[in-house]
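Given next are the chains, with one letter for each unit.
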Amino acid sequence: MLKVENIQVSYGNIKAIKGISLEVNKGEIVTLIGSNGAGKSTTLRAISGLLKLKGGSITFEGERIDGKEGHEVVAKGICQSPEGRRIFPRMTVSENLDLGAFLRNDKEGIATDRERVLELFPRLAERITQKAGTMSGGEQQMLAVGRALMGNPTLLLLDEPSMGLAPVLVDMIFETITKINQQGTTILLVEQNALAALNVAHRAYVLESGNIKLSGNAKDLISDPAVTKAYLGG
Amino acid sequence: MAGVTYKTRQLRRRYIERAFATIAVVGAAFWLIANLIKSPTQFFEVTFTGLSNGILYALIALGYTLVYGIIELINFAHGDLFMLGGLFSAHFITLWFGQSVPSAVGWGVLALCLIAVMVFCATINVAIERFAYRRLRRAPKLAPLITAVGMSFILQFVGLRWNGSGQKIWPSLLPTGNLSIFGVRLPYTTIISFAITIPVLLVLTYIVTRTKQGKAMRATAQDQDASRLMGINVDRTISFTFGLGGALAGAAGLLFEQTRGLTSYNLGFQLGLIAFTAAVMGGIGNLQGAVLGAIIIGVIQGLNDGLPIGLGQQWSNTVVFSILILLMVFKPTGLLGKPTTEKV
């Protein structure tokens with residue numbers, strides 16, 4: 001479904017990713033793990049068209065999408081819940097969700113997806129008229145994921161959905177990610193919480209300073225001594 | 001102990017501030033009442049004049065605040081765009097359509113001119129953004145700012161070439177005379193400015209709050225990258241905003257030219273500065289604030305210019321800017337501006 005081939009991205013003179021290739025198949029949860037500054041978020045931002053590539057290619061459902069603008073990538077069916085949540089703070093929860101469906105015109109489909117999101121995150125239903133900027137970090141994270149789902153994506157990119165959350169909420173977010181996947185959405189998940197990510201994912205890529213260091217089935221990687229040592233605190 | 005003295009000092013300062021504010025408000029009220037008693041008709045007439053100046057400022061102020069709201073740029077060229085709008089209207093009505101007195105045809109030409117001048121100024125503003133500002137969007141803030149100053153000069157010299165160096169007087173298609181209500185004379189020209197401005201402002205409010213494009217504008221103003229992730233075409237949204245601001249400046253240009261009957265190449269600088277002040281006073285980036293600030297400035301000017309007991313016209317700008325400075329000292333975000341609360 002998504003094929004990233006040898007992409008390179010630089011910020012000024014600094015090479016943030018030096019040649020990453022990865023693949024996401026339909027129906028999967030694939031996770032990108034690695035330490036801070038490994039290039040995980042940069043990879044997602046490049047896929048979403050927010051960063052220009054220095055080289056390589058990105059193909060989605062057989063079509064090149066590198067070089068497309070951010071809004072064109074969304075139109076292809078790739079939605080992202082970005083790092084740091086980036087919800088619209090001065091708008092209500094309801095308006096934020098509406099913006100997630102900005103490109104859609106199917107009123108019924110939007111209503112169904114809205115119901116689905118509020119079912120996944122009942123907390124958002126309670127806060128529907130509240131200004132998003134006044135909510136807690138966990139609620140904002142739910143909104144960010146919910147907003148991305150409102151675009152009815154074929155591929156959902158999640159960037160650090162568990163960052164800064166209380167442990168109870170972390171578990172809840174990962175349960176929800178599994179649920180979203182079971183409802184038919186393919187997911188590419190970036191996480192620092194490697195263990196939790198490997199537990200929900202089918203396959204995983206381990207990034208280190210802008211390169212792919214390891215890849216394979218999530219289950220195999222959990223028990224891989226190199227991964228355990230570097231990322232799982234064992 | 002140090003904490004206590006700090007607290008008392010804070011309290012004392014607050015009392016002094018309150019006392020000053022009370023004195024200022026009571027003084028202003030006293031001044032207004034004295035004038036109202038002395039000459040009620042004149043009081044209402046100058047308030048009305050002030051209001052009509054205020055809504056003209058509002059049309060221009062909105063252009064500053066719209067653009068600032070979306071890309072945090074003070075578009076210095078905006079006042080000059082208004083000036084070009086006035087020049088365009090004068091040529092359109094008087095030279096191209098040969099209208100110089102109120103008539104049925106004149107009304108038609110006026111309506112046509114309103115549309116034409118809005119399109120004209122919107123196009124220029126969109127072009128300026130496309131060619132001068134867009135490339136600088138990720139540059140340090142000073143680069144687009146100085147570019148805007150440069151654009152202002154360019155437009156001013158276009159105006160100088162088009163209009164000549166002096167003021168030019170033009171005939172008006174608006175009926176002269178006054179509507180008299182209880183002895184208060186309200187000029188038809190002012191009534192017509194209201195009749196044009198208020199629907200324009202209502203349409204703007206509708207666009208920003210109710211349409212998809214307006215939603216895209218508000219989202220882009222808050223977070224450009226997040227807006228891209230929603231599928232919003234950020235470049236087009238910014239273009240649209242410049243177009244909207246330009247159209248309002250065009251309408252203001254036509255109104256000014258028709259109500260005052262004059263054009264001049266440096267009008268943009270003078271009125272632009274007042275309108276920019278209004279936008280800051282109301283809280284830059286806030287649409288209602290811009291209208292409120294503009295009306296307050298217009299009314300203060302009107303009252304000070306026209307009341308029998310007052311400082312008189314030559315002090316009007318001093319009064320306006322003194323109030324602005326006081327307001328900025330005590331409420332730096334402007335009347336309706338709010339400091340943003342964002343959690344990261």
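Residues numbered from 1 in each chain as written. Chains lettered and ligands numbered in written order. Predicted model: local features only at pLDDT ≥ 70, side-chain atom pairs only at ≥ 80, totals over all residues.

Along the backbone of chain B there are twelve helices and four strands. On C-alpha atoms alone, chain B measures out to a radius of gyration of 22 Å, which is about the 20 Å that the 2.2 N^0.38 rule sets for 344 residues. Pairs at least 24 apart in sequence give 76% of the contacts found in chain B among residues at least 6 apart. (Helix = DSSP H or I, 4+ residues; strand = E, 2+ residues; numbered from the N terminus. Rg over C-alpha atoms; globule rule 2.2 N^0.38 Å. Contact = placed C-beta atoms within 7 Å.)

Our focus in this paragraph is the overall build of chain A. The number of helices and strands found in chain A is ten helices and ten strands. Over its C-alpha atoms chain A spans a radius of gyration of 17 Å, differing by no more than 12% from the 17 Å that the globule rule assigns to 234 residues. Principal axes of the C-alpha set define a box for chain A whose edges measure 45 × 40 × 30 Å. The burial tally for chain A puts 45% of its 234 residues in the buried class. Relative to all contacts within chain A whose residues are 6 or more apart in sequence, the contacts with residues 24 or more apart total 66%. (Buried ≥ 20, exposed ≤ 12 C-beta atoms within 10 Å, placed from the backbone.)

All names here are of chain B. Mapped onto the elements, Leu136 comes out in the loop between α4 (104-133) and α5 (142-163). Residues Leu136 and Thr147, eleven residues apart in the sequence, show an inter-C-alpha distance of 9.1 Å. If near-sequence neighbours (up to four positions away) are discounted, Leu136 is found in contact with Ala143, Pro144 and Thr147.

Contact with chain B, which involves 16 residues of that partner, is made by 21 residues of chain A. Those elements that place two or more of their residues in the side of chain B that touches chain A are α7 (212-222) and α8 (224-229) of chain B. Among the elements that make up the side of chain B that touches chain A, the one with the highest residue count is α8 of chain B (four residues). Looking at the side of chain B that touches chain A, its residues break down into six nonpolar, four polar and six charged. (Nonpolar A, V, L, I, M, F, W, Y, C, P; charged D, E, K, R; others polar.)

Turning to the packing of helix α3 (residues 93-100) of chain A against helix α6 (residues 137-149) of chain A, a few remarks are in order. Axis angle and axis distance: for two packed helices, these are the angle between their axes and the distance between the axes, and together they describe the pair. Residue and element names in this part refer to chain A. Two elements in contact, α3 and α6, have axes whose closest approach is 7 Å; the angle formed by their N-to-C orientations is 35°. Between α3 and α6 lies a crossing of right-handed hand. For the pair formed by α3 and α6, the contact residues are Val93, Asn96, Leu97, Leu99 and Gly100 on the first element and Leu143, Gly146, Arg147 and Ala148 on the second. (Axes fitted to C-alpha atoms, helices over the stretch in contact; angles between N-to-C directions. Left-handed = near helix turned anticlockwise from the far one by under 90°.)

Here the focus is helix α1 (residues 40-47) of chain A. Residues and elements named next belong to chain A. The buried fraction of α1 amounts to seven of the eight residues, a majority that puts the element mostly inside the structure. Turning to α1, its buried residues number three or more, namely Lys40, Thr42, Thr43, Leu44, Arg45, Ala46 and Ile47. Looking one or two places after α1, you find Gly49, whose phi comes out positive at around 80°.

Next up on the list: the confidence of the model for chain B. Residues and elements named next belong to chain B. Of all residues in chain B, 97% have pLDDT values of 70 or greater, and the mean over the chain is 89. Between residues 340-344, whose pLDDT stays under 50, and residues either more than four places distant or in other chains, the model counts eight contacts. In the predicted assembly, ipTM is 0.94 and pTM is 0.89. (pLDDT = per-residue confidence, 0-100.)

Right, let's get into the sheet that holds strand β2 (residues 14-24) of chain A. Residue and element names in this part refer to chain A. The strand order across the open sheet built from four strands is β2-β1-β4-β5, with neighbouring strands paired in antiparallel fashion. Looking at the sheet topology across the chains shown, the edges are occupied by β2 and β5 (63-64). The sheet contact formed by strand β4 (residues 55-60) and β5 spans two bridges and is antiparallel. By the bridge assignment for β5, Phe60 is matched with Glu63. (Pairing = 2+ DSSP bridges.)

Moving on, we come to the sheet that holds strand β8 (residues 186-191) of chain A. Residue and element names in this part refer to chain A. Pairing within the open sheet is mixed, and its six strands lie in the order β6-β7-β8-β3-β9-β10. The open sheet terminates on both sides in strands that have one partner only, identified here as β6 (78-81) and β10 (211-217). On average, each strand axis in the sheet is inclined to that of its neighbour by 15°, with strand direction left out of account. Where strand β3 (residues 29-34) and strand β9 (residues 203-208) come together, five bridges link them in parallel fashion. In the sheet register, Gly34 faces β9, and the bridge partner there is Leu207.

Residue and element names in this part refer to chain B. Membership of the largest hydrophobic core comes to 154 residues, with the highest contact counts inside it found for Ala61, Ala251 and Ala275. The greatest single-element share of this core, amounting to 14 residues, is contributed by helix α2 (residues 40-71). When sequence neighbours within four positions are dropped, the list of residues in contact with Ala275 reads Tyr57, Ile60, Ala61, Tyr64, Gly79 and Ala294. (Core = buried A, V, L, I, M, F, W, Y, C linked by C-beta atoms within 7 Å.)

Residues and elements named next belong to chain B. Put simply, helix α10 (residues 267-282) and helix α11 (residues 287-306) touch, their axes get as near as 7 Å, and they point 120° apart. With respect to each other, α10 and α11 are oriented oblique. Between α10 and α11 lies a crossing of right-handed hand. Contacts from Ile274, Ala275, Thr277, Ala278, Ala279, Met281 and Gly282 in α10 reach Gly289, Ala290, Leu292, Gly293, Ala294, Ile296 and Ile297 in α11. Per-class residue counts for the contact of α10 with α11 are ten nonpolar, four polar and no charged. (Parallel < 35°, antiparallel > 145°, perpendicular 65-115°, else oblique.)

All names here are of chain B. When you line up the elements, Asp235 lands in helix α9 (residues 234-260). What makes Asp235 partly exposed here is the crowd of 17 C-beta atoms within 10 Å. For the pair Asp235 and Arg134, spaced 101 residues apart in sequence, the C-alpha to C-alpha distance is 8.3 Å.

Moving on: the pairing of β3 of chain A. Residues and elements named next belong to chain A. When you tally the buried positions in β3, you get six out of six residues, the bulk of the element. Here β3 shows a buried face lined by Ile29, Thr31 and Ile33 and a second buried face lined by Val30, Leu32 and Gly34. Note that β3 and β8 share five bridges and pair parallel. Paired with Leu32 across the strands is Val190, a residue of β8.

All names here are of chain A. With five of six residues buried, β9 is to be regarded as a mostly interior element. When β9 meets β10, the two strands line up antiparallel, connected through six bridges. What sits directly across from Tyr205, in β10, is Ser215. Linkage of β9 to β10, two consecutive antiparallel strands, is achieved through a turn of two residues, within which Ser209 is found at a positive phi near 35°.

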